[in-house]
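# A look at the structure
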Amino acid sequence: MADIVIERLSKTYSGGKAPAVNDLSLTIPDRQFMVLLGPSGCGKTTLLRMVAGLEYPDAGRVMIGGRDVTDLPPRKRDIAMVFQSYAVFPHMTVFDNIGFGLKMKRRPAHEIKQRVEQAAGLLQLEPYLGRYSAQLSGGQRQRVAVARAIVMEPSVLLMDEPLSNLDALLRLQFRAELKKLVKEIQTTTVYVTHDQVEALSLGDRVAVMRAGNILQVDSPMTVYDFPATEFVGGFIGNPPMNFLRVAVRPDAGQTRVVIGDQELPAPAEVAAAGDDTVLLGIRAEYIQASSPNGAALNGLDAQALVVEPLGSHLLITAGVGDQQLKVVTRTDFEVQPGQRLHLQPEVDKIRWLRASDGTLLRA
Ligand SMILES: Nc1ncnc2c1ncn2[C@@H]1O[C@H](COP(=O)(O)OP(=O)(O)OP(=O)(O)O)[C@@H](O)[C@H]1O
Ligand SMILES: [Mg+2]
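Residues numbered from 1 in each chain as written. Chains lettered and ligands numbered in written order. Predicted model: local features only at pLDDT ≥ 70, side-chain atom pairs only at ≥ 80, totals over all residues. Heavy atoms only, no water.

Moving on to the nonpolar core. Ile-98, Leu-123, Leu-125, Val-146 and Tyr-191 are the most contacted members of the largest nonpolar core, which has 42 residues in total. Examining the composition of this core, we find that six residues originate from one element, helix 4 (residues 138–150), more than from any other. Beyond its immediate stretch of four places on either side in the chain, Leu-123 contacts Arg-143, Val-146, Ala-147, Ile-150, Phe-174 and Leu-181. Among the nonpolar cores identified, the runner-up in size contains 30 residues, and Leu-280, Tyr-286, Ile-287 and Ala-318 belong to it. (Core = buried A, V, L, I, M, F, W, Y, C linked by side-chain atoms within 4.5 Å. Buried < 20%, exposed > 50% of the residue type's maximum accessible area, 1.4 Å probe, protein only. Helix = DSSP H or I, 4+ residues; strand = E, 2+ residues; numbered from the N terminus. Contact = heavy atoms within 4.5 Å.)

Segmentation of the protein into domains returns domain 1 (4–229) and domain 2 (242–354). Inter-centroid distance (C-alpha atoms) of domain 1 to domain 2 is 40 Å. At the interface, four residues of domain 1 touch six residues of domain 2. Together, the buried faces of domain 1 and domain 2 total about 530 Å²; carbon and sulfur atoms form 46% of this surface. Linking domain 1 with domain 2 are zero salt bridges, by the criterion used here. (Domains from an automatic or database assignment. Buried area = accessible area lost by both parts, 1.4 Å probe. Salt bridge = Lys/Arg side-chain N within 4 Å of Asp/Glu carboxyl O.)

A word on the pairing of strand 6 (residues 79–82). Remember that side chains alternate between the two faces of the sheet whenever the strand is regular. Going residue by residue along strand 6, you find Ile-79 and Met-81 tucked away on one face and Ala-80 and Val-82 tucked away on the opposite face as well. Pairing between strand 6 and strand 7 (residues 156–160): four bridges, direction parallel. Across the sheet, Val-82 pairs through a bridge with Met-159, a residue of strand 7. (Pairing = 2+ DSSP bridges.)

Attention now goes to the side chain of Ser-10. Inspection of the secondary structure assignment puts Ser-10 in strand 1 (residues 4–11). For Ser-10, a relative accessible area of 16% puts it in the buried group. Of the polar contacts made by the side chain of Ser-10, one reaches the backbone nitrogen of Asp-23; its length is 2.8 Å. Ser-10 has contacts with Val-21, Asn-22, Asp-23, Met-50, Pro-57, Asp-58 and Ala-59, leaving out every residue within four places of it along the chain. (Polar contact = N/O pair within 3.5 Å; in protein donor to acceptor, adjacent residues only side chain to side chain.)

This part is about unusual backbone geometry. Of the consecutive residues Asn-238 and Pro-239, the connecting peptide bond is found in the cis state with omega at 5°. Here the phi dihedral of Gln-124 falls at roughly 50°; this positive angle occurs in a residue that is not glycine. Its place among the elements puts Gln-124 in the loop between helix 3 (109–122) and helix 4. If you check the backbone angles, Gln-186 has positive phi at about 55° while not being a glycine. Within the fold, Gln-186 resides in the loop between helix 5 (168–185) and strand 8 (188–193). Among the residues examined, Gln-186 registers a relative accessible area of 39% and is labelled partly exposed.

This next bit is on the sheet that holds strand 6. Here we have six strands laid out as an open sheet, ordered 6-7-8-3-9-10, and mixed in their pairing. Two strands close off the open sheet at either side, each with one partner strand: strand 6 and strand 10 (213–218). For this sheet, the mean inter-axis angle between neighbouring strands, taken without regard to orientation, is 15°. Judged from the four bridges that link them, strand 3 (residues 33–37) and strand 9 (residues 205–210) form a sheet pairing that is parallel. Across the sheet, the residue bridging to Met-34 is Arg-205, located in strand 9. (Axes fitted to C-alpha atoms, helices over the stretch in contact; angles between N-to-C directions.)

Turning our eyes to something else, we now look at the layout of surface pockets. Of the volumes computed, that of the largest pocket is approximately 750 Å³. Around the largest pocket sit 25 residues that line it, and Ile-79, Ala-80, Met-81, Arg-148 and Met-152 are the ones nearest its centre. Elements represented by at least two residues in the lining of the largest pocket include exactly strand 6, helix 2 (94–104) and helix 4. With four residues, the top contributor of residues to the lining of the largest pocket is strand 6. (1 Å grid on protein atoms, 1.4 Å probe; cavity = no way out; pocket = protein on both sides within 12 Å on 5 of 7 lines; lining within 4 Å. Points joined across faces, edges and corners; volume = space filled by probe spheres on them.)

Have a look at this one:
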């Protein structure tokens, strides 16, 4: 049983103007795979290093498995870490690299052999156990770094962008292997990345960070479908979520939202908010595009501005009034830049956000 409870952690580096981590709390249940996701400089590594004990917080506490570890050094926290720069020892064999930590702990040779072979099996490294790690590819070396961490059977596994040194194809392969591995070892894991695809793919839950704070913690699909803020919707997904500023027209019977020269009935949360402008959020794949023939109900008149064939789909940048939307269609949809389009957002996929601060209006 090793849940992680992070309580009101803060850290400002000497010389730093803003806090790297700002009064941040997060609970990670036992065996959960938590991804910390956010742009460069938002404090992910700093937070992870405080959980590891490599950085001391200015304020707040870290509990692992019910034990306050805030004042304990890393080696007393029962954790293992995998860093971005996978420091495997080049002059040691793969076997010795993986077994290094166990040897330091003076485990008997037969136990080291058994545990190293098991970890090597999980990471498909058995054929390379006798090789020097200098003779491995980048992807293999990365697997050694992960094997070396899991062989310790830590209560908590901490990983900081472990895939970032791999090329695109290896990254894709190793991501799937890692996902399979974490299911097998069932260790509480905190995984740092700024790659939203990796976060969605791997996480049981994703914590989206910005400027030392957490904006949202949810399952990957919830973060994708119901972003708590405009920033989260824009950071996650490729293309990012579309946001249109639309006017709200209060009416005695039915409040309406006005988009260009179109009007739609406003949902209850928009009517209740009482603002005169709101943000309409909609993902590109939930907009149906068609040629404008005949009368269309509840849709948007738009103009195709840019048409990008991307192999599996077309990405259309469309103008709606003076605003723009990204729309995804099948590649056999015939459209040229300049052509008029009719766009139909799936109404139950529309999210409504406050225009003033970009936060989600809850239904
Ligand atoms: N040792 C340090 N001394 C001073 N400032 C630091 C130090 N380490 C990080 N910072 C600053 O703290 C903030 C958070 O840095 P951190 O490394 O935690 O970000 P990150 O989210 O891991 O970014 P990246 O995705 O680029 O790795 C940044 O503004 C950074 O410049
Ligand atoms: Mg970092």
